[in-house]
Amino acid sequence: MTNYLDFERPLAEIEGKAEELRAMARQNEEMDIEEEAAALDKKASDMLADLYKSLTPWRKCQVARHPDRPHCKDYIEALFTEYTPLAGDRNFADDHAVMGGLARFGDTPVVVIGHEKGNDTKSRIERNFGMARPEGYRKAVRLLEMADKFNLPVVTLVDTPGAYPGKGAEERGQSEAIARSTEKCLQIGVPLISIVIGEGGSGGAVAFATANRVAMLEHSVYSVISPEGCASILWKDAEKMREAAEALRLTAQDLNNLGVADRVIGEPLGGAHRDADASIKAVGDAIQTMLNELSGQSREKLVKDRRQKFLDMGSKGLAA
């Protein structure tokens, strides 16, 4: 069953009517509804193309948060082989919002790390909706250190509303853990590639995305704060999230123009959730391309270029 976003309601009606016709035909084989159903399919296809031709930043936020979008676990299972998860920060606990371990990407041994949101009520609660606690970032630091020690490229998959803001997380040093993870990203002498596959929320995303190459899926978002949070602070009204989304310049296209994202990975018409296999393949192709770009570079060059990349951010200005 397709989950429709609020701006897709007219599309839901048309696709629903086409499915009703086909359901009636399955119950009565004498009914000939193919011509009418095909006309509805054509109308739905045209409407889908029109809806996604020029999505507003707020609608892109909605697509980035779509519950059926492929998540970190889906990408790892499809793109990596011999994945061996590594658990815990060797200090407090294992954070299930962060997945990570050793794997192979094609013939290349790598370390892969990512936020996992879950795909149903039970798994979303277990994964804390992709919001990592300090132990999740400390687990990531441990994996980054391992990658550096054994000279393994790192691939990170970013999909989080932000770091978990709960009392326990703050007591255990949430901001310090995020800072340590960001610092470790800047220090390691191996290729570091990051893909924003859904939401890139604030420091919780930066802690994994301080990389040599940062790519974003076409309808993903990456921002210092959510539109709702920004609207609540600036206008004391979370309902102004549409205006906030416009002002934040959080879309993949804006961030590519501003030099924050290095490339935008295309999605199937209607978003990654409408054709997960095609989206996952596109991400795999982008990872391979970026690994090829970075292969053979010295440790010193990788560290220097990564550092310079972030020092240069903002040089284009908001007029970009």
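Residues numbered from 1 in each chain as written. Predicted model: local features only at pLDDT ≥ 70, side-chain atom pairs only at ≥ 80, totals over all residues. Heavy atoms only, no water.

Asks: Hey, could you run me through helix H6 (residues 134-149) in this one?
Replies: Given 3.6 residues per helical turn, the α-helix brings residues three or four places apart onto the same face. With 16 residues, H6 ought to run about 22 Å at 1.5 Å a step, and its terminal C-alpha atoms sit 23 Å apart, in line with that. Most of H6 sits inside the fold, with twelve of its 16 residues counted as buried. Structurally, H6 contributes buried residues whose contacts are with strand S2 (98-105), strand S3 (108-115), strand S4 (154-160), helix H7 (167-171), helix H8 (174-187) and helix H9 (202-209). One or two residues past the end of H6 sits Asn151, with phi positive at roughly 55 degrees. (Helix = DSSP H or I, 4+ residues; strand = E, 2+ residues; numbered from the N terminus. Expected span 1.5 Å × (residues − 1). Buried < 20%, exposed > 50% of the residue type's maximum accessible area, 1.4 Å probe, protein only. Contact = heavy atoms within 4.5 Å.)

Asks: Is there a simple way to think about unusual backbone geometry in this case?
Replies: Peptide bonds are mostly trans, and most non-glycine residues show a negative phi. With phi around 55 degrees, Glu82 is a residue other than glycine that occupies positive phi space. The backbone phi angle of Arg90 is positive, close to 60 degrees, even though this residue is not glycine. Topologically, Arg90 is positioned in the loop between strand S1 (81-85) and S2. What makes Arg90 exposed here is its relative accessible area of 73%.

Asks: Sorry, what's going on with the pairing of S4 here?
Replies: Remark: a regular strand shows side chains that alternate across the two faces of the sheet. Most of S4 sits inside the fold, with seven of its seven residues counted as buried. Of the two faces of S4, the one lined by Val154, Thr156, Val158 and Thr160 and the one lined by Val155, Leu157 and Asp159 are each fully buried. In the sheet, S3 pairs with S4 via four bridges, with the strands oriented parallel. Directly across from Val111, in S4, lies its bridge partner Val154. Of the strand pairs in this sheet, S4 and strand S5 (residues 192-201) are connected by six bridges, and their pairing is parallel. Among the inter-strand pairings, Val154 is bridged to a residue of S5, identified as Leu192. (Pairing = 2+ DSSP bridges.)

Asks: Would you explain the pattern of salt bridges in this entry?
Replies: Between side chains of opposite charge, a pair can form as their charged atoms come close. All told, the structure shown has 24 salt bridges when counted by the stated rule. Between Arg138 and Glu176 there is a salt bridge, with the nearest N and O atoms lying 2.8 Å from each other. Of this pair, Arg138 sits in helix H6 while Glu176 sits in helix H8, and the two are 38 residues apart along the sequence. In this structure, Arg180 engages Glu176 in a salt bridge whose closest nitrogen and oxygen atoms are separated by 3.0 Å. Of this pair, Arg180 and Glu176 both sit in helix H8, four residues apart, roughly one helical turn. Within the structure, one salt-bridge network assembled from shared partners comprises Arg65, Lys117, Asp159, Glu199 and Glu228. (Salt bridge = Lys/Arg side-chain N within 4 Å of Asp/Glu carboxyl O.)

Asks: Would you mind going over the packing of H8 against helix H14 (residues 299-311) with me for this structure?
Replies: Helix packing for two helices is described by the angle between their axes and how far apart those axes are. Relative orientation of the contacting elements H8 and H14 amounts to 130 degrees, with a least axis distance of 8 Å. Classified by the interaxial angle, the pair formed by H8 and H14 is oblique. Residues Cys185, Leu186 and Gln187 of H8 lie in contact with H14, whose contacting residues are Val303, Arg306 and Arg307. Looking at side-chain class alone, the contact of H8 with H14 contains three nonpolar, one polar and two charged residues. (Axes fitted to C-alpha atoms, helices over the stretch in contact; angles between N-to-C directions. Parallel < 35°, antiparallel > 145°, perpendicular 65-115°, else oblique. Nonpolar A, V, L, I, M, F, W, Y, C, P; charged D, E, K, R; others polar.)

Asks: Looking at this structure, how should I read helix H1 (residues 9-27)?
Replies: Relative to the 27 Å expected for 19 residues at 1.5 Å per residue, H1 spans 27 Å between its end C-alpha atoms, a close match to the ideal helical length. The complete set of buried residues in H1 reads Leu11, Ile14, Ala18, Leu21 and Ala25. Across the axial projection of H1, the buried residues extend over an arc of 100 degrees, all falling on one side. Pointing more than 90 degrees away from the buried face of H1 are the exposed residues Arg9, Glu13, Glu20, Arg26 and Gln27. (Arc of directions from axis to C-beta.)

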